[in-house]
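# Summary of the model geometry
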Amino acid sequence: MKTSTVALLLSLFSIFFLPVSWATSNSVQDNFVKCLDKASLSQPISAEIYTPNNSSFGTVLQSYKRNRRFDTPTTPKPVVIVTATHESHVQATVVCAKKVGIELRIRSGGHDYEGVSYVSQVPFVILEMSNLRSIEIDIKNETAWFQAGAILGEIYYEIAKKSKYHAFAAGVCPGLGAGGHISGGGYGNLLRKYGVATDHVVDAQIVDAKGRILDRKSMGEDLFWALRGGGASSFGVILSWKVKLVRVPATVTVFKVNRTLEQGATDIVAQWTQVVDKLPKEVFMRVWAKTVNGSHQGEKTIQALFVGMFLGGAQELVVLMNERLPKFGFQQSDAIEMSWIESVVFWADKPLGTPIEVLLERATKPAIFLKRKSDYVKEPISNAGLEAIWKTMIELEDVAMLWNPYGGVMNEISETKTAFPHRAGNIFKIQYSTNWMVEGIEATNLYLNKTRKLFEAMTPYVSKNPREAFLNYRDLDIGTSSNGNYEEAKVYGIKYFKGNFDRLVRVKTNVDPDNFFRNEQSIPTLPSRKL
């Protein structure tokens, strides 16, 4: 995977330090494109550049947008899109963007909930990584190298082709791009057994602000630490990850069971909050709570959908569940045995029997408007607390919550081992989820306000000082910074990274002192007086 050469770097550096007098136009766009042309050495780049004048510009821009909130006529558009197909394209894009003074946004899967990977309020370039998607599986050494533009479904598929006893501990959404998903933590349904995705990274390649390709050895342990959970886009452009694979049994058991309030959902969820983090590591069981129609005309109720996986057989799971969560009433008929790779398709909410090749599909355009927020819960919630929560949800109707379990091995990993800090002490993590199809600013504000109202109503039940948040569930409501202002960034930085924030700032200051890699919630640099 290491294709960079000394000659290429020397050429890029010579471009970087040349004056801009060679540019015949004052246009930033023209300067940037001309810089790229000059940087196109052994790998021609001209076919990979899209400007608004190109007939394919709109299609390329839209192809990896995942939120229609950022696909409107008023959404700011990039001045250029560079679809990298070679590592040198990434290097040239970084060098030229810095040289001409234009902001860079990096997109691999496009799932950044706030569109940060493909929208900016100042002139910007999108570096599209989706074509850098090679995957190399080494079952003998139980490792995998894959590029940032590979999606999780492709990675899982390639692992399964080599072994039915190996997996990668990452997210359940097959369309997630590996670059951003892993650098933000990478929460998935193997978390209680094996931890988050970033816990399994053993090497990485990154392009830094000088256009150099660095691996773990050449970047040093501080930057390698920061990339694992600290959001790599604050420090450079991830080219590829090397990860350790984990072991899974030949058969796993999954289930998906609905319970409404009338079916005792409140008692079941209350018991779930008491025991879910203490279940055996092999059990992962989430709750999806949403408002649905009740049994009577015009009546609303809450439906709790319990979705889970057990790294073992159905019979063992039934016994375990009835011992540890008796109010659930789990039955043999609820349990479905399958291979691990088939469970990936199940978690993607595909019908049973869907061929695993579905994991190779990539979405082509944004389907919904959406808003997401996050929280962490450290104490069980009583029946009375749940009833208050259900009341608010029924009043709002449109906001759902995914309650994702913690515990298991997460209690054994230090908060400071990687930049991802959310470890021991958490019972579960909440994802607030609101989707809508109605266009227009009035509808957007309506649904955004509903989401924020439920978030506010949950204040008594979630973490405090700070009220923690998960970087991969990007939420600009919790704070933004202008031009890397430290005090502004600290507001959201403590929520995302807790005590790791200041170390991340020190790493950032050392590796990107000019704050080239920045966005609305990036890691800031320290003012010189604070160094």
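Reading guide: rules and limits
- Residues numbered from 1 in each chain as written.
- Predicted model: local features only at pLDDT ≥ 70, side-chain atom pairs only at ≥ 80, totals over all residues.
- Heavy atoms only, no water.
- Pairing = 2+ DSSP bridges.
- Helix = DSSP H or I, 4+ residues; strand = E, 2+ residues; numbered from the N terminus.
- Contact = heavy atoms within 4.5 Å.
- Axes fitted to C-alpha atoms, helices over the stretch in contact; angles between N-to-C directions.
- Parallel < 35°, antiparallel > 145°, perpendicular 65-115°, else oblique.
- Nonpolar A, V, L, I, M, F, W, Y, C, P; charged D, E, K, R; others polar.
- Expected span 1.5 Å × (residues − 1).
- Buried < 20%, exposed > 50% of the residue type's maximum accessible area, 1.4 Å probe, protein only.
- Disulfide = S-S within 2.5 Å.
- Core = buried A, V, L, I, M, F, W, Y, C linked by side-chain atoms within 4.5 Å.
- Polar contact = N/O pair within 3.5 Å; in protein donor to acceptor, adjacent residues only side chain to side chain.
- UniProt positions renumbered as here; feature names shortened; annotations may be inferred.
- Phe/Tyr/Trp six-rings, centres within 6.5 Å; stacked < 30°, edge-to-face > 60°.
- Left-handed = near helix turned anticlockwise from the far one by under 90°.

## Observations regarding the sheet that holds strand 10 (residues 237-244)
Strand order in the open sheet made by the 5 strands is 5-6-10-8-9, with antiparallel pairing throughout. The sheet is open, and its two edges are formed by strand 5 (135-138) and strand 9 (213-214), each paired on a single side. Along the sheet, helix 5 (residues 152-162) contacts strand 5 and strand 6 (143-147); its crossing angle with strand 5, the most-contacted strand, is approximately 35 degrees.

## Considerations on the packing of helix 13 (residues 383-396) against helix 14 (residues 441-457)
Packed helix pairs are specified by the crossing angle of their axes together with the interaxial distance, meaning the distance between the axes. Where helix 13 meets helix 14, the axes come as close as 10 Å, and the angle between the chain directions of the two elements is 170 degrees. Relative to helix 14, the element helix 13 lies roughly antiparallel. Residues Thr392, Met393 and Leu396 of helix 13 form the contact with helix 14, whose own contacting residues are Lys450, Lys453, Leu454 and Ala457. When its residues are assigned to classes, the contact of helix 13 with helix 14 shows 4 nonpolar, 1 polar and 2 charged.

## Comments concerning the sheet that holds strand 13 (residues 283-293)
The strand order 15-12-14-13-17-18-16 describes an open sheet built from 7 strands, whose pairing is antiparallel. The sheet is open, and its two borders are formed by strand 15 (336-338) and strand 16 (369-377), each paired with just one other strand. Recorded for the sheet is a direction-independent mean angle of 20 degrees between the axes of neighbouring strands. Of the strand pairs in this sheet, strand 17 (residues 399-405) and strand 18 (residues 428-436) are connected by 7 bridges, and their pairing is antiparallel.

## So, helix 4 (residues 87-100)
One turn of the α-helix equals 3.6 residues, which is why residues spaced by three or four share an orientation. In this model helix 4 runs 20 Å from its N-terminal to its C-terminal C-alpha over 14 residues, within 8% of the 20 Å that 1.5 Å per residue would give. With 13 of its 14 residues buried, helix 4 lies for the most part within the structure. The first or second residue beyond helix 4 is glycine 101, which carries a positive phi of 80 degrees.

## Examining the state of the cysteines
Considering all chains together, one arrives at 1 disulfide under this definition. There is a disulfide in this structure between cysteine 35 and cysteine 96, and the S-S distance comes to 2.1 Å. Across the S-S bond of cysteine 35 and cysteine 96 the torsion is about -80 degrees, and the bridge reads as left-handed. Taken together, the residues span a long stretch of sequence, with cysteine 35 in helix 2 (residues 28-39) and cysteine 96 in helix 4 at a distance of 61 residues. A single burial state applies to cysteine 35 and to cysteine 96, both of which are buried.

## Regarding the nonpolar core
Formed by 106 residues in total, the largest nonpolar core has its most connected members in Phe32, Phe146, Phe168 and Trp241. What phenylalanine 168 contacts, discounting residues up to four positions off in sequence, is Phe146, Tyr156, Ile159, Ile182, Leu190, Ala197, His200, Val243, Lys244, Leu245, Val246 and Trp340. Core analysis: the second largest hydrophobic core is formed by 45 residues, Ala270, Ala289, Leu320 and Val377 among them.

## Overview of the side chain of serine 88
Here serine 88 is to be found in helix 4. Judged by relative accessible area, which is 6%, serine 88 ranks as buried. Reaching out from serine 88, the side chain makes a polar contact with the side chain of histidine 86 at a distance of 2.8 Å.

## A look at the UniProt feature "domain: FAD-binding PCMH-type" (unreviewed entry) in the chain
Per the UniProt record, "domain: FAD-binding PCMH-type" (unreviewed entry) is found at residues 74-248. Along residues 74-248, the helical share is 26% and the strand share 25%, with 47 Å between the first and last C-alpha atoms.

## Considering the environment of lysine 417
Topologically, lysine 417 is positioned in the loop between strand 17 and strand 18. On a C-alpha basis, the gap between lysine 417 and aspartate 199 in space is 8.5 Å, while along the polypeptide they are 218 residues apart.

## A word on the packing of aromatic side chains
Enumeration according to the criterion identifies 25 aromatic pairs in this entry. Taking 6.3 Å as the distance between ring centres and 50 degrees as the angle between the ring planes, the aromatic pair formed by phenylalanine 255 and phenylalanine 328 counts as tilted. Taken together, the residues span a long stretch of sequence, with phenylalanine 255 in strand 12 (residues 252-260) and phenylalanine 328 in the loop between helix 11 (314-324) and strand 15 at a distance of 73 residues. Phenylalanine 255 gets classed as buried once you look at its relative accessible area, which sits at 0%. Accessibility expressed as a relative area gives 1% for phenylalanine 328, which makes it buried.

## Focus on the packing of helix 10 (residues 265-275) against helix 13
Following both chains from N to C, one finds helix 10 and helix 13 inclined at 120 degrees, their axes separated by 9 Å at the closest point. With respect to helix 13, the axis of helix 10 lies oblique. As helix 10 runs across helix 13, the sense of the crossing is right-handed. Across from Thr266, Asp267, Val269 and Ala270 in helix 10, the residues of helix 13 making contact are Asn383, Leu386, Glu387 and Trp390. Split into classes, the residues belonging to the contact of helix 10 with helix 13 amount to 4 nonpolar, 2 polar and 2 charged.

## Quick look at the pairing of strand 16
Burial runs high along strand 16: 9 of the 9 residues are buried. Side chains of strand 16 alternate between two faces, with Phe369, Lys371, Lys373, Asp375 and Val377 and Leu370, Arg372, Ser374 and Tyr376 buried alike. Relative to strand 18, strand 16 runs antiparallel, the two sharing 9 bridges. By the bridge assignment for strand 18, phenylalanine 369 is matched with tryptophan 436.

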